[in-house]
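Here is how the chains run, residue by residue.
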Amino acid sequence: MNTNDLLNTVRDFVDTNRRERITKHESLKRLMKKLKIKQNLLKEQVKNENNKKLRKRLEEKIRVIKAQRKKGLKLLKELKSEM
Amino acid sequence: MIKKIFLPTIFLLLTYGFWLSPDFKVITAGVAIFLFGMLALEQGFNAFAGGALERTLRKSTNKMWKSLTFGFTAATVMQSSSLVSVITISFLSAGLIGLVEGMGIIFGANVGSTTGAWLIAGFGLKVKISAYAMPMLVFGVIFIFQKSKFLKGFGYILTGLGFLFLGIHYMKEGFEAFQNQISLTDYAMEGFGGVLVFTLIGILATIIMQSSHATLVLVITALSVQQVTYGNALALVIGANVGTTITAVLGSLTSNTDGKRLALSDVLFKVTAGIVFMLSMNPVIGLVDTVSAAIGIAEDDHTLKLAVFHTIFNVTGVIIMVPFTARLVSFLKRIMPSQAPQVEKARYLSSASAEIPAAAIEAVRKETVRLYDLSVDTIIRGLSLKRSVLAPDSKLDDIINNSSKTILQQDIDDIYERRIKSIYADIVVFISQSQNSMGVPNHLDRLLMLREVGRDLVETIKGIKHLQKNLNLYTIAENTDIRQEYNNMRIQICRVLQELEVIRAGDDESTTILSLDQLKVEINERDIIKTGRLDRLIREHRISAPMAISLMNDSAYYQDICRNLIHMGGILFISSDQDDEKAENSVALDEDEINEVVDEYVEEATK
């Protein structure tokens, strides 16, 4: 570990706000990943669904997840810039 | 098991009795009409609860002497202590008076009824109030048809009295076959044995004739033709006094515990006085002679002496019982405890856990989840469905659209009072008590949020109650459009519950409270007014105007129900990991963002 990395680790540990932001960033990233998986799963389901009504519902779900992901990615960006 | 076979057994026995004896049929019909009269009377007095009648009654019975005077006057005017007793029981059941006041009235009425004996013995006069039964029924029913609450209540009182008289009339008619078989000379007996036997005959005769006055007439007639000795006649009067309580006992069958206690106090009054008089017959005869001589009654005027005896009997009863009223009340309360309604209580909230923040939060969460479970049961049954529809893989559209039968309805008000409100009240009290021990603001916030969950659930139950009436009407309607609209509401509510169940189970990692956003979007997208569907249905004459109004109102209820459930689920079933919870909350869509998604959808759909 070089000096810079070591300093960063020490700073992460001492600065509570920064530590909080990191935790927030990590859990948000985890959530985004989960949502992405769900979105892909729903896309697969849409492809295989013959019932028009059910397909429409699945598409609606995808639209909502997209909006949530859009919001989440924006937040991730903001957190990253603050770190 | 016994409960299940009780009713069929009663029906079988009654049917057998009807087949066996036409008189039995008349007697039981009389009892049924009498009890129906009691119900009508109680309903009538309920209309006056909290009003002028209650105030007047309270004022005229707030002291024992006032209650006694009230009962005495009422029985003198009505010439029937039994009638005053049953009316007092219905006053008590309607909560217009208390048990002590009721006892005062009944004791007073017992003395008041002795004026009848004076009228019979002195003038051979018999006031027959039962002649008014038919006009009472006619006028009563006309009053019931009136819109005013008080006229309606008055109508029920008149009808109730009419039915009471009619019931007594039929009971008498039914017993007439037995009445002719009573021949007093057959039982002539001296000494204590005679007193006992004639008291029993007096009880029996009064039960059969449903009137102590009728027994008194019989006794006076028998005495005048020397069919019975003077001593035996007095025993018959004791029996008549005890037997007359049967009407009050019968009347108390439809009343609450207080009414039953009152009827029992009347029985105790008469039985106590009866026993005292039976045991001291000779001194009592001496007392009657002294009093009779003092008021100028001839030595051999046994009929008037009988009236004196009747009066002394009831006055003595009052003298014996009044000093013990308080003890009698506590005795009656002990042997006839009030049957408190089965109220669901909190299971997880203990005072010990209120002191420890984490334990308090967990206890409230568990209790709230329990409240949620009870509420879901109520909601599902309110929608005429079974809880199994909420299984994750169940196809709600198919199940609900194809279910045409209505599940036996439940009284949501009753369930709310007994199960939901009681637990919620416990939660609210517990949270208030544990607020001081919450050191960290986060803990307090969590507690207050859980309290919000309870409020959402209560609001949901109220919404279901409002929705239920039209839901029952239209989900089985011939008009397919209105049926579909109401089924859509059922489907959507179930969809929210189904999603909440999946989130709660936590088996599907990808389903979090964020999935609730999808439901919020759906509710907005399917709004019958915003989408113009309601206008279209009206324009194309597919639904009537009253149906349209119902739909407008009920769609507001249904949306509130869904929103409350979603809001509640977002708090109750949020991730247990605090960091994940924060992340989920930060990504969850707010109202504007939901509307954006909906607008996008509408735009796409119109393209």
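Bear in mind the structure is a predicted one, so any value in this text is a computation, not a measurement.

Peer 1: Talk me through the overall build of chain A; I want residue IDs and the actual numbers.
Peer 2: Helices and strands together make up the secondary structure of chain A, namely 3 helices and 0 strands. When the helices and strands of chain A are placed in sequence order, the string is α-α-α. For chain A, the residues scored as buried account for 30% of the 83 residues in total. Only carbon and sulfur atoms are counted for the fraction: they give 53% of the accessible area of chain A, which is about 6100 Å².

Peer 1: Give a detailed account of the overall build of chain B, specifying residues and quantitative values.
Peer 2: Counting its secondary structure elements, chain B contains 28 helices and 0 strands. By the burial criterion, 49% of the 607 residues in chain B qualify as buried. Across chain B, every contact between residues at least 6 apart in sequence was considered, and the portion connecting residues at least 24 apart equals 77%. Per element, the accessible surface of chain B, about 29300 Å² overall, is 61% carbon and sulfur.

Peer 1: Kindly report on the interface of chain B and chain A, identifying the contributing residues and their values.
Peer 2: Size of an interface, as often reported, equals the accessible area lost when the parts are brought together. Facing 29 residues of chain B, the contacting portion of chain A comprises 21 residues. Summed over both partners, the interface of chain B with chain A buries about 2200 Å², with 53% contributed by carbon and sulfur atoms. With a shortest N-O distance of 2.6 Å, Glu522(B) and Arg57(A) are connected by a salt bridge. Where chain B touches chain A, the interface holds 8 residue pairs in polar contact (both at pLDDT 80 or more).

Peer 1: Can you tell me about the state of the cysteines, naming the residues and giving the values?
Peer 2: Taken as a whole, this structure holds 0 disulfides over all chains when the rule is applied. No disulfide involves Cys494(B); its nearest neighbouring cysteine sulfur is the one of Cys562(B), lying 9.5 Å away.

Peer 1: An account of the packing of helix 12 (residues 230-243) of chain B against helix 15 (residues 281-294) of chain B is requested, with residue identities and associated values reported.
Peer 2: Residue and element names in this part refer to chain B. One can describe the packing of helix 12 onto helix 15 by two numbers: an axis separation of 12 Å at closest approach and a directional angle of 100 degrees. Compared by their axis directions, helix 12 and helix 15 come out roughly perpendicular. Packed against helix 12, whose contacting residues are Tyr230, Gly231, Leu234, Ala235 and Ile238, the element helix 15 presents Met281, Ile285, Val288 and Asp289 at the interface.

Peer 1: Now, about the nonpolar core: what can you tell me, with residues and values included?
Peer 2: Residue and element names in this part refer to chain B. Within the largest apolar cluster, 70 residues are counted, with the highest numbers of intra-cluster contacts made by Tyr372, Ile493, Cys494, Leu497, Leu500, Leu551 and Leu565. Mapped by element, the contributors of at least two residues to this core are helix 19 (357-382), helix 20 (396-402), helix 21 (412-434), helix 22 (441-474), helix 23 (480-505), helix 24 (515-525), helix 25 (533-539) and helix 26 (545-572). When sequence neighbours within four positions are dropped, the list of residues in contact with isoleucine 493 reads Ile379, Leu383, Ile464, Leu467, Tyr558, Ile561, Cys562 and Leu565. In this structure, Leu99, Ala109, Leu161 and Met321 belong to the second largest nonpolar core, which totals 47 residues.

Peer 1: Before we move on, could you go through helix 5 (residues 81-93) of chain B and cite the residues and values that matter?
Peer 2: All names here are of chain B. Helix length check: helix 5 (13 residues) gives 18 Å between terminal C-alpha atoms against 18 Å at 1.5 Å per residue, within 8%. With respect to burial, helix 5 is a largely interior element, 13 of its 13 residues being buried. A positive backbone phi angle near 75 degrees is found at glycine 95, which sits one or two residues after helix 5.

Peer 1: Any details on the packing of helix 3 (residues 52-82) of chain A against helix 24 of chain B? Residues and values, ideally.
Peer 2: Where helix 3 of chain A meets helix 24 of chain B, the axes come as close as 9 Å, and the angle between the chain directions of the two elements is 120 degrees. As summarised for this structure, helix 3 of chain A and helix 24 of chain B are arranged oblique, according to the angle between their axes. Classified by chirality, the crossing of helix 24 of chain B by helix 3 of chain A is right-handed. Taking contact as the criterion, the partners of Arg57(A), Glu60(A), Lys61(A), Val64(A) and Gln68(A) in helix 3 of chain A are, on helix 24 of chain B, Asp517(B), Gln518(B), Leu519(B), Val521(B), Glu522(B) and Glu525(B). Here the contact of helix 3 of chain A with helix 24 of chain B is built from residues that sort into 3 nonpolar, 2 polar and 6 charged.

Peer 1: Go over the pattern of salt bridges with me, naming the residues and quoting the values.
Peer 2: Inspection of every chain in the model, using the stated rule, returns 28 salt bridges over all chains. Residue Asp580(B) is joined to Arg30(A) by a salt bridge in which the shortest nitrogen-to-oxygen separation is 2.9 Å. Here Arg30(A) lies in helix 2 (residues 16-48) and Asp580(B) lies in helix 27 (residues 578-587), a pairing that spans two chains. Exposure remark for Arg30(A): the relative accessible area of 46% places this residue in the partly exposed category. Between Lys305(B) and Asp289(B) there is a salt bridge whose closest N-O contact spans 2.8 Å. On the criterion of sequence distance, the pair formed by Lys305(B) in helix 16 (residues 302-321) and Asp289(B) in helix 15 is long-range, its members being 16 residues apart.

Peer 1: Any chance you could break down empty space enclosed by the protein for me, citing the residues and the numbers?
Peer 2: Counting across every chain of the model gives 4 cavities of 30 Å³ or more. As a volume, the largest cavity reaches approximately 90 Å³. Lining the largest cavity are 11 residues; nearest its centre among them are Lys38(A), Ile65(A), Leu514(B), Ser515(B) and Gln518(B). Put simply, the parts of the chain that give the lining of the largest cavity at least two residues each are helix 2 and helix 3 of chain A together with helix 24 of chain B. The leading source of residues in the lining of the largest cavity is helix 3 of chain A, at 4 residues.

Peer 1: Lay out the packing of aromatic side chains in plain terms, naming residues and giving numbers.
Peer 2: Aromatic rings in a pair are described by how distant their centres are and how their planes are angled relative to each other. Applying the stated criterion across every chain, the model contains 10 aromatic pairs over all chains. Taken together through their ring pairs, the aromatic side chains of Phe277(B), Phe309(B) and Phe313(B) make up a single cluster.

Peer 1: Tell me about the environment of Leu457(B), and name the residues and values.
Peer 2: Residues and elements named next belong to chain B. For leucine 457, the position within the fold is in helix 22. When the C-alpha positions of leucine 457 and histidine 567 are compared, they lie 9.9 Å apart, and in sequence the two are 110 residues distant. If near-sequence neighbours (up to four positions away) are discounted, leucine 457 is found in contact with Thr368, Leu371, Tyr372, Ser375, Leu565 and Met568.

Peer 1: Got a sec to walk through the side chain of Arg490(B)? Specific residues and values, please.
Peer 2: Residue and element names in this part refer to chain B. Topologically, arginine 490 is positioned in helix 23. Buried and unpaired, arginine 490 has no salt bridge, with aspartate 397 as the nearest side chain of opposite charge at 12 Å. One polar contact links the side chain of arginine 490 to the main-chain carbonyl oxygen of leucine 383, over a distance of 3.0 Å.

Peer 1: Mind laying out helix 17 (residues 325-335) of chain B, listing which residues take part and the relevant values?
Peer 2: Residues and elements named next belong to chain B. Those residues of helix 17 that sit buried are Thr325, Leu328, Val329 and Leu332. Each buried residue of helix 17 lies within a common arc of 100 degrees when the element is viewed along its axis, so the set occupies one face. Across helix 17 from its buried face, at more than 90 degrees, point the exposed residues Ala326, Arg327 and Arg334.

Cut-offs and rules
Residues numbered from 1 in each chain as written. Chains lettered and ligands numbered in written order. Predicted model: local features only at pLDDT ≥ 70, side-chain atom pairs only at ≥ 80, totals over all residues. Heavy atoms only, no water. Helix = DSSP H or I, 4+ residues; strand = E, 2+ residues; numbered from the N terminus. Buried < 20%, exposed > 50% of the residue type's maximum accessible area, 1.4 Å probe, protein only. Areas by Shrake-Rupley, 256 points an atom, 1.4 Å probe, with all protein chains shown as cover. Contact = heavy atoms within 4.5 Å. Buried area = accessible area lost by both parts, 1.4 Å probe. Salt bridge = Lys/Arg side-chain N within 4 Å of Asp/Glu carboxyl O. Polar contact = N/O pair within 3.5 Å; in protein donor to acceptor, adjacent residues only side chain to side chain. Disulfide = S-S within 2.5 Å. Axes fitted to C-alpha atoms, helices over the stretch in contact; angles between N-to-C directions. Parallel < 35°, antiparallel > 145°, perpendicular 65-115°, else oblique. Core = buried A, V, L, I, M, F, W, Y, C linked by side-chain atoms within 4.5 Å. Expected span 1.5 Å × (residues − 1). Left-handed = near helix turned anticlockwise from the far one by under 90°. Nonpolar A, V, L, I, M, F, W, Y, C, P; charged D, E, K, R; others polar. 1 Å grid on protein atoms, 1.4 Å probe; cavity = no way out; pocket = protein on both sides within 12 Å on 5 of 7 lines; lining within 4 Å. Points joined across faces, edges and corners; volume = space filled by probe spheres on them. Phe/Tyr/Trp six-rings, centres within 6.5 Å; stacked < 30°, edge-to-face > 60°. Lys, Arg positive; Asp, Glu negative; His and termini not counted. Arc of directions from axis to C-beta.

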